[in-house]
Amino acid sequence: RDALDHSLVLDWLRRVSTAMHQHRDHLIHLDSAIGDGDHGANMARGFSAVRVALDAPSPPPASPGAALSAAGETLISTVGGASGPLYGGAFRTLGAALGTEPEVGTRRFAAGLTAALATMQRLGAAVPGDKTMIDACSPAIGAFRAAAEAGAGLPAAACAAARAAEAGMQATIPLQARKGRASYLGLRSIGHQDPGATSACYVFRALAEAAGT
Ligand code: ADP
Ligand code: MG
Ligand code: MG
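These figures come from a predicted structure and were not determined experimentally.

(A) Looking closely at helix α5 (residues 83–98). Taking 1.5 Å as the rise per residue, α5 with 16 residues should run 22 Å; its terminal C-alpha atoms sit 22 Å apart, in good agreement. Of all 16 residues making up α5, twelve are buried, and the element is well covered by its neighbours. Within the span of α5, buried status applies to Ser83, Leu86, Tyr87, Gly88, Ala90, Phe91, Arg92, Thr93, Leu94, Gly95, Ala97 and Leu98. Residues of α5 that are buried sit in contact with α3 (39–55), α4 (64–78), β2 (103–105), α6 (106–124) and α9 (195–212). Remark: Gly99 follows α5 within two positions and exhibits a positive phi of approximately 65 degrees.

What follows is the structure in structure tokens.
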């Protein structure tokens, strides 16, 4: 499977929603240690709303771009806090980058992911090492793009992204937070895994699963 179509995007977003519900308590636990404890509830609520929007009687037009743009809008309007605008803005940028094509190739998708990362960094002003979701998203999207440029298909590129996200997530543990609520803790943020990097890891894992089926 080398192209991303509408059904793959729906499968991806449904898998993300399932994962956010499955790991809701874990995300709450992580955010309770260095934040305000709502990340699991935020993600579960947001991606439930995404599912509802995509299954609605009048869903968005059947293209990957339209589905992802609608997901972004829904996240922005249903998730407060730091993560809503960041994830919402990223999905909206990704959707806009993919346009209305019914099928999107791996390189085009890589370019969309790169644009989405730029949106997250513009909105949140975080760089890798700040102990945020960027620590999972940046290496994941870098790995996806490198794989795509080397000629890999969607399953291999998504697998590389998921592995890189996982490593990036693990690497947040020893970091001191420099952005978001966790930064208020200063040195006490060290030794805890970042909740947003963890949810980002689920997003890329879900993509690898959807691409691999
Ligand atoms: P809030 O902190 O507002 O309650 P959430 O708990 O839903 O929002 O999300 C927290 C996560 O958001 C953090 O774990 C971190 O990964 C991410 N985050 C916070 N601030 C930023 C930022 N400026 N840039 C990127 N990611 C951020
Ligand atoms: Mg929180
Ligand atoms: Mg909050």
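(B) Highlighting the packing of α5 against α6. For the pair α5 and α6, the least separation of the axes is 8 Å and the interaxial angle reads 145 degrees. In this structure, α5 crosses over α6, and the sense of that crossing is right-handed. Across the interface between the two elements, Pro85, Leu86, Gly89, Ala90, Thr93, Leu94, Ala97 and Leu98 from α5 touch Arg108, Ala111, Gly112, Leu113, Ala115, Ala116, Thr119, Met120, Leu123 and Gly124 from α6. For the contact of α5 with α6, a count of residues per class yields twelve nonpolar, five polar and one charged.

(C) Broad picture of the UniProt feature "domain: DhaL" (unreviewed entry) in the protein chain. The UniProt record annotates "domain: DhaL" (unreviewed entry) at residues 7–209. The annotated region residues 7–209 carries 70% helix and 1% strand content, and the separation between its end C-alpha atoms amounts to 13 Å.

Basis of the calculations
- Residues numbered from 1 in each chain as written.
- Chains lettered and ligands numbered in written order.
- Predicted model: local features only at pLDDT ≥ 70, side-chain atom pairs only at ≥ 80, totals over all residues.
- Helix = DSSP H or I, 4+ residues; strand = E, 2+ residues; numbered from the N terminus.
- Expected span 1.5 Å × (residues − 1).
- Buried ≥ 20, exposed ≤ 12 C-beta atoms within 10 Å, placed from the backbone.
- Contact = placed C-beta atoms within 7 Å.
- Axes fitted to C-alpha atoms, helices over the stretch in contact; angles between N-to-C directions.
- Left-handed = near helix turned anticlockwise from the far one by under 90°.
- Nonpolar A, V, L, I, M, F, W, Y, C, P; charged D, E, K, R; others polar.
- UniProt positions renumbered as here; feature names shortened; annotations may be inferred.

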